[in-house]
Amino acid sequence: MTEPTGEHAFGRHAPASHVLIHVSDPHFLAGGARLGGRYDVESNFARTLDAIRAVHPNPAAIVVTGDLADLGEPDAYRRLRAAVEPVAAALGTVVVWVAGNHDERPALREGLLDLAPTQEPVTGVWDLDGLRVIALDTSVPGWHHGDLDDGQLAWLAEELREPAPHGTLLAMHHPPLPSHLPLFDILELRHQDELAEVVRGSDVRGILAGHLHYSSHGTFAGVPVSVSSATCYTMNVARPASEVNGMDAAQAFGLVHVHPDTITHTVVPVTDAPTGDYFSPQWVEKMARLSPEERLEAFSRKR
Ligand SMILES: [Fe+2]
Ligand SMILES: [Fe+2]
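A brief report on the enclosed structure follows. Everything quoted here is computed from the prediction, not taken from an experiment.

As a further point, take the coordination of the iron ion (ligand 1). Only Asp25 (OD), His27 (NE2), Asp67 (OD) and His213 (NE2) from the protein reach the iron ion (ligand 1) as donors, at distances of 2.1 to 2.2 Å. For the iron ion (ligand 1), the 4 donor atoms are set out with angles of 88 to 174° between them, so the coordination reads as irregular. One chain supplies every donor for the iron ion (ligand 1), spaced along it as D-x1-H-x39-D-x145-H. Taken as a pair, the iron ion (ligand 1) and the iron ion (ligand 2) show a spacing of 3.5 Å, with Asp67 coordinating each metal. Note that His27 is positioned in the loop between β1 (18–23) and α1 (41–55) and His213 in the loop between β7 (204–209) and β8 (216–220), a separation of 186 residues in sequence.

Dropping the structure here:
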């Protein structure tokens, strides 16, 4: 069980039982090439990994929701693995690799998972001390839109037949959500009604997705969906929807706190900005020594 150090139950909710890191869309290229000749995806990813190291000492998993490589090149997967595995080892955590539309299943399977280089969907099930994570493969070989075929949906239904003690998180690349950017609906996930059928009534408590290169949230079959922004480049959603393009800024990842009664998704900006120092471990310790009434007096009362 993850022990969220530095997190005290000062409020009415019990502390998180699990903390996960949700990263998406690294889009690595062979030889460390820049994406589109423009975006230094490896440097941007290294900054993300530094932020992940800093944000939590022992997350239950690092979930990477697809578009791991931009062109599916074997060297891109080698480089990504070499970047992530030492960080995962240092944090004592597991990595959940999810396939996206830019990935090529054979190279991904061989390069990241030491599996035979086949076109089999990249799926998996993890038991993280009672929290189940299921990776789905929404990629379609030869295409950029998403889909889930009968075989994968039947497999998912079978996996979900028995509930897990802390419930289930699904990890998938194409989010089962609309996008306000016209380009993404062309590439949307097919067979969403069939997926909803499987999810409804199950123990699925959340869906982690990527693909959009901007942070977004919605619900699907009554389940919250959290889309993590990208580590490589992000969509500048400050512009009108029909004029949105990529930019080398606002990269972010997700910090997922699984509480007994809810799951929160915090967008963590990967940024280097001067930061104040009022709140500190010592400040938290000081608060921890007070009674709830004293804490209110010390921190809530307006002076
Ligand atoms: Fe992507
Ligand atoms: Fe994608």
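Resuming the write-up.
Right, let's get into a nonpolar patch on the surface. Residues Tyr278, Phe279 and Phe299 make up a contiguous nonpolar surface patch of roughly 390 Å² in combined accessible area. By relative accessible area, Tyr278 is classed as exposed at 58%.

Enumeration according to the criterion identifies 7 aromatic pairs in this entry. Ring geometry for Phe279 versus Phe299: centroids 6.0 Å apart, planes at 85°, classification edge-to-face. Residue Phe279 is found in the loop between β13 (263–269) and α7 (281–289), and its partner Phe299 is found in helix α8 (residues 292–300); the two are separated by 20 residues along the sequence. Grouping aromatic residues by their ring pairs yields a cluster made of Tyr278, Phe279, Trp283 and Phe299.

On to the sheet that holds strand β2 (residues 61–65), then. By way of backbone hydrogen bonds, the strands of a sheet pair with one another, either parallel or antiparallel. Strand order in the open sheet made by the 5 strands is β3-β2-β1-β12-β13, with mixed pairing throughout. The open sheet is flanked by β3 (94–98) and β13, the only strands paired with a single partner. Neighbouring strand axes in the sheet, compared pairwise and without regard to direction, differ in orientation by 20° on average. Pairing of β1 with strand β12 (residues 252–258) involves 5 bridges; the strand directions are antiparallel. Bridged to His18 within β12 is Val258.

Turning to the pairing of β1, a few remarks are in order. Taking burial as the measure, the 6 residues of β1 include 6 buried ones, the bulk of the element. Alternating residues of β1 divide into His18, Leu20 and His22 and Val19, Ile21 and Val23, and every residue in both groups is buried. Here β1 runs beside β2; their pairing, made up of 4 bridges, is parallel. Note that in β2 the partner of His22 across the bridge is Val63.

On to a negative patch on the surface. Taken together, Asp149, Asp150, Asp193, Glu194 and Glu197 make up a surface patch of like negative charges. Looking at which element gives the most residues to the negative patch, the answer is helix α6 (residues 192–199), with 3 residues. In this structure, Asp149 sits in the loop between β5 (131–135) and α4 (150–159). Among the residues examined, Asp149 registers a relative accessible area of 45% and is labelled partly exposed.

This part takes up the coordination of the iron ion (ligand 2). All of the protein donors around the iron ion (ligand 2) are Asp67 (OD), Asn101 (OD1), His173 (NE2) and His211 (ND1); their distances to the metal are 2.1 to 2.3 Å. Taken together, the 4 donor atoms coordinating the iron ion (ligand 2) and their angles of 85 to 162° define a geometry best described as irregular. Expressed as a motif, the donor residue spacing for the iron ion (ligand 2) is D-x33-N-x71-H-x37-H. Looking at Asp67, the relative accessible area reads 1%, which means it is buried. Using a relative accessible area of 8% as the deciding quantity, one classes Asn101 as buried.

Procedures and definitions
Residues numbered from 1 in each chain as written. Chains lettered and ligands numbered in written order. Predicted model: local features only at pLDDT ≥ 70, side-chain atom pairs only at ≥ 80, totals over all residues. Heavy atoms only, no water. Donors = N, O, S within 2.8 Å, 3.2 Å for Na, K, Ca; no water. Tetrahedral: all angles 85-135°; square planar, octahedral: opposite > 155°, others 65-115°. Helix = DSSP H or I, 4+ residues; strand = E, 2+ residues; numbered from the N terminus. Patch = residues over 30% accessible without salt bridge, like charges linked within 9 Å, V, L, I, M, F, W, Y side chains within 5 Å. Areas by Shrake-Rupley, 256 points an atom, 1.4 Å probe, with all protein chains shown as cover. Salt bridge = Lys/Arg side-chain N within 4 Å of Asp/Glu carboxyl O. Buried < 20%, exposed > 50% of the residue type's maximum accessible area, 1.4 Å probe, protein only. Phe/Tyr/Trp six-rings, centres within 6.5 Å; stacked < 30°, edge-to-face > 60°. Pairing = 2+ DSSP bridges. Axes fitted to C-alpha atoms, helices over the stretch in contact; angles between N-to-C directions. Lys, Arg positive; Asp, Glu negative; His and termini not counted. Charge placed at Lys NZ, Arg CZ, Asp CG, Glu CD.

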